Amino acid sequence: KLGTSLKDAVKKLAGKTVIDRAAVDELVRDLQRALLQSDVNVKLVMQLSQSIKQRSLEEEPAKGMGVREHVLRIVYQELVRLMGSTTEVTLGPQKILMAGLQGSGKTTTTAKLARYFQRKGLRVGVICADTFRPGAYDQVKTLCDRINVPCFGNPKETDAEKITREGLAAYKQLEVVIIDTQGRHALEDHLIEEIINLNTLSKADHRWLVIDAALGQQASEQARRFHEAIGIDGVIVTKMDGTAKGGGALSAVSETKSGIVFIGSGETIEDLERFDPDGFISRLLGMGDLRALVERAEEAVSGEDLDVNAMLKGKFTLRDMYKQLEALNRMGPLKQIMGMLPLGNMQIPDDAYDITSSKMDRYKVIMDSMTPAELDDPSVISSSRIHRIARGAGVSPDDVRELIKYYKTMQRALKGMRGMGGGKFNMQRMM
Ligand code: GDP
Ligand code: MG
């Protein structure tokens, strides 16, 4: 599976300290494959990978951030930039014109939107301007009846503009008016002409393009045609409950320079969701929650800065160690995080990884029973002090010894780092 190969490429970056062109190239190639498989437009994929490659090589990774996090962060940022953030939906008076080919889900989405605005306490009306498809009026009327939303239309009328004009006049008192239009099977000139006229006469506030998530490379062309005609200002992707990844939506958004407004996630009237870029990107790439990963890394590096130089000169207190453990613990299972960090030749005993949060809690209690002098320099802790600390903390003397032993291991590791480049190293990378 291609989604897996992207994951593998990402894994290969783990532990790397230096950004090399070959590694970035490989990741970008796998990213391209994943995006193409998700039906993202070829040209768009090329543009994206170009900027990801360039930024990955040119930008310095944030302090304490490994190559893997650095590149993933850029991938994420570029995709978010492309998709825009969630497009705002105004909860006030507005006219919305629905655009899209037949079968894309316009009529269903019209009813879903009516429901959405109705739930927000607005007075909503729907106009059926689809005079082409047999039974179009009945379809939308049935849906509207279910939610008690008025539906204007006339199954015998063939003039969509006339219906729209009359409908708008009838709905003057309503706050939100949604105009459902015909789709036809292809982008015929007549269809384009009609929607231009409907847009002009309705003075619509929004022109939302409805596209099927399964729409692949044709999405660009469709979006472009509709955009040139009426100026699309939002995209709705339907049928995201299916297996399609929705890559066509990316093309549509890029062509129209708009954003995704809603996601259709089922056949019922309630199956409409506001767009969530994170979920969408994860699905597109076939990866877990990318943002969570990026944020985890960012949070950890933004943790309290330690005086690395002082530590390298030999001042490494128990408090320093605890802070580091806290920062690492916030990132998740220690061993997994260690795999992401550049460790060089450092020897870390296997049981050093085994810092569970309950162990952290115990360390904290023990440290609370120590004097400031002991915390600064645990070497002053004699056997009798160990017993005193243990009693104070309600733990066994062995627990205290374990903490001190752990500290010594880390201190030794730190000494080993000295002379390997001094202040350039950061404890987070070491531990
Ligand atoms: P229109 O021709 O653009 O008006 O499209 P319709 O609203 O008539 O929808 C075409 C088909 O797609 C219908 O069978 C809908 O039930 C179905 N459909 C629309 N939106 C969704 C969705 O979000 N999920 C699923 N599973 N089906 C949808
Ligand atoms: Mg329809």
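Residues numbered from 1 in each chain as written. Chains lettered and ligands numbered in written order. Predicted model: local features only at pLDDT ≥ 70, side-chain atom pairs only at ≥ 80, totals over all residues.

Turning to the overall build of the protein, a few remarks are in order. For the protein, the helix and strand inventory stands at 20 helices and eight strands. The burial tally for the protein puts 41% of its 431 residues in the buried class. Relative to all contacts within the protein whose residues are 6 or more apart in sequence, the contacts with residues 24 or more apart total 75%. (Helix = DSSP H or I, 4+ residues; strand = E, 2+ residues; numbered from the N terminus. Buried ≥ 20, exposed ≤ 12 C-beta atoms within 10 Å, placed from the backbone. Contact = placed C-beta atoms within 7 Å.)

Attention now moves to the nonpolar core. Ala99, Ile179, Leu209 and Val235 are the most contacted members of the largest nonpolar core, which totals 83 residues. No other element matches the eight residues that helix 4 (residues 67-83) contributes to this core. The contact partners of Val235, leaving out residues within four places of it in the chain, are Leu209, Ile211, Ala249, Ala252, Val253, Thr256, Ser258, Ile260 and Val261. One finds Leu318, Tyr363, Val400 and Tyr407 within the second-largest nonpolar core, a separate group that totals twelve residues. (Core = buried A, V, L, I, M, F, W, Y, C linked by C-beta atoms within 7 Å.)

What surrounds ligand 1 is a group of 18 residues, the closest being Gly105, Lys106, Thr107, Thr108 and Gly264. Class assignment for the residues of the shell around ligand 1 results in no nonpolar, 13 polar and five charged. (Near = placed C-beta within 6 Å. Nonpolar A, V, L, I, M, F, W, Y, C, P; charged D, E, K, R; others polar.)

Next up on the list: the environment of Asp212. Tracing the backbone shows Asp212 in strand 5 (residues 206-212). Residue class for Asp212 comes out buried when judged on the 23 C-beta atoms lying within 10 Å of it. Those residues in contact with Asp212, other than ones at most four positions away along the chain, are Ser104, Gly105, Thr238 and Lys239.

What follows deals with helix 10 (residues 247-256). Burial analysis of helix 10 places ten of its ten residues in the buried class, which makes it a mostly covered element. Inspection of helix 10 places Gly247, Gly248, Ala249, Leu250, Ser251, Ala252, Val253, Ser254, Glu255 and Thr256 among the buried residues, and these make up the whole buried set.

Attention shifts here to the packing of helix 3 (residues 42-58) against helix 4. Remark: helix 3 packs on helix 4, axes separated minimally by 10 Å, with the N-to-C direction vectors making an angle of 140°. Here helix 3 lies oblique to helix 4, going by the angle between them. Read as a crossing pair, helix 3 and helix 4 show a hand that is right-handed. Facing helix 3, whose interface residues are Leu48, Ser51, Ile52, Arg55 and Ser56, helix 4 presents His70, Val71, Ile74, Val75, Glu78 and Leu82. (Axes fitted to C-alpha atoms, helices over the stretch in contact; angles between N-to-C directions. Parallel < 35°, antiparallel > 145°, perpendicular 65-115°, else oblique. Left-handed = near helix turned anticlockwise from the far one by under 90°.)

Where helix 8 (residues 189-202) meets helix 9 (residues 218-230), the closest approach of the two axes is 9 Å, and the angle between their N-to-C directions is 40°. One finds that helix 8 runs oblique with respect to helix 9. Pair helix 8 / helix 9 crosses with right-handed handedness. Along its contact with helix 8, which presents Ile192, Ile195, Ile196 and Asn199, the element helix 9 presents Arg225, Ala229 and Ile230.

Turning next to the pairing of strand 1 (residues 94-99). Counting buried residues along strand 1, five of its six residues qualify, which places the element largely inside the surrounding structure. The pairing of strand 1 with strand 4 (residues 176-181) spans four bridges and is classified as parallel. Counted as the bridge partner of Leu97 is Ile179 from strand 4. When strand 1 meets strand 5, the two strands line up parallel, connected through four bridges. Considered in strand 5, the bridge of Met98 is made with Trp208. (Pairing = 2+ DSSP bridges.)

A word on unusual backbone geometry. In the Ramachandran plot, Asp39 falls in the positive-phi region, its phi being about 75° despite a non-glycine side chain. As for its position among the elements, Asp39 is in the loop between helix 2 (21-37) and helix 3.

Attention now goes to the sheet that holds strand 5. With respect to topology, eight strands assemble into an open sheet ordered 3-2-4-1-5-6-7-8, the strand pairing being mixed. Here the strands that pair on one side only, and so sit at the sheet edges, are strand 3 (151-152) and strand 8 (272-274). With two bridges connecting them, strand 2 (residues 124-129) and strand 3 associate as parallel partners. Pairing of Val126 across the sheet is with Cys151, part of strand 3.

It is worth spelling out the UniProt feature "binding site: GTP" (unreviewed entry) in the protein at this point. Under the present numbering, the feature "binding site: GTP" (unreviewed entry) in UniProt falls on Gly100, Leu101, Gln102, Gly103, Ser104, Gly105, Lys106, Thr107, Thr238, Lys239, Met240 and Asp241. As for its position among the elements, Lys239 is in the loop between strand 6 (234-238) and helix 10. One can find Asp241 in the loop between strand 6 and helix 10. With sequence-adjacent residues up to four places away left out, Asp241 is seen in contact with Ser265 and Gly266. (UniProt positions renumbered as here; feature names shortened; annotations may be inferred.)

Note that Pro93 resides in the loop between helix 4 and strand 1. Residues Pro93 and Val176, 83 residues apart in the sequence, show an inter-C-alpha distance of 5.3 Å. The contacts of Pro93, once residues within four sequence positions are left out, are Glu175 and Val176.

Time to look at helix 6 (residues 136-146). Looking at helix 6, one finds that the buried residues are Ala136, Tyr137, Val140, Lys141, Leu143 and Cys144. Buried residues of helix 6, viewed axially, fall in a sector of 165°; they line one side. Residues of helix 6 that are exposed and point more than 90 degrees away from the buried face comprise Thr142, Asp145 and Arg146. Looking at the buried side of helix 6, the elements it contacts are helix 5 (106-119), strand 2, strand 3 and strand 4. (Arc of directions from axis to C-beta.)

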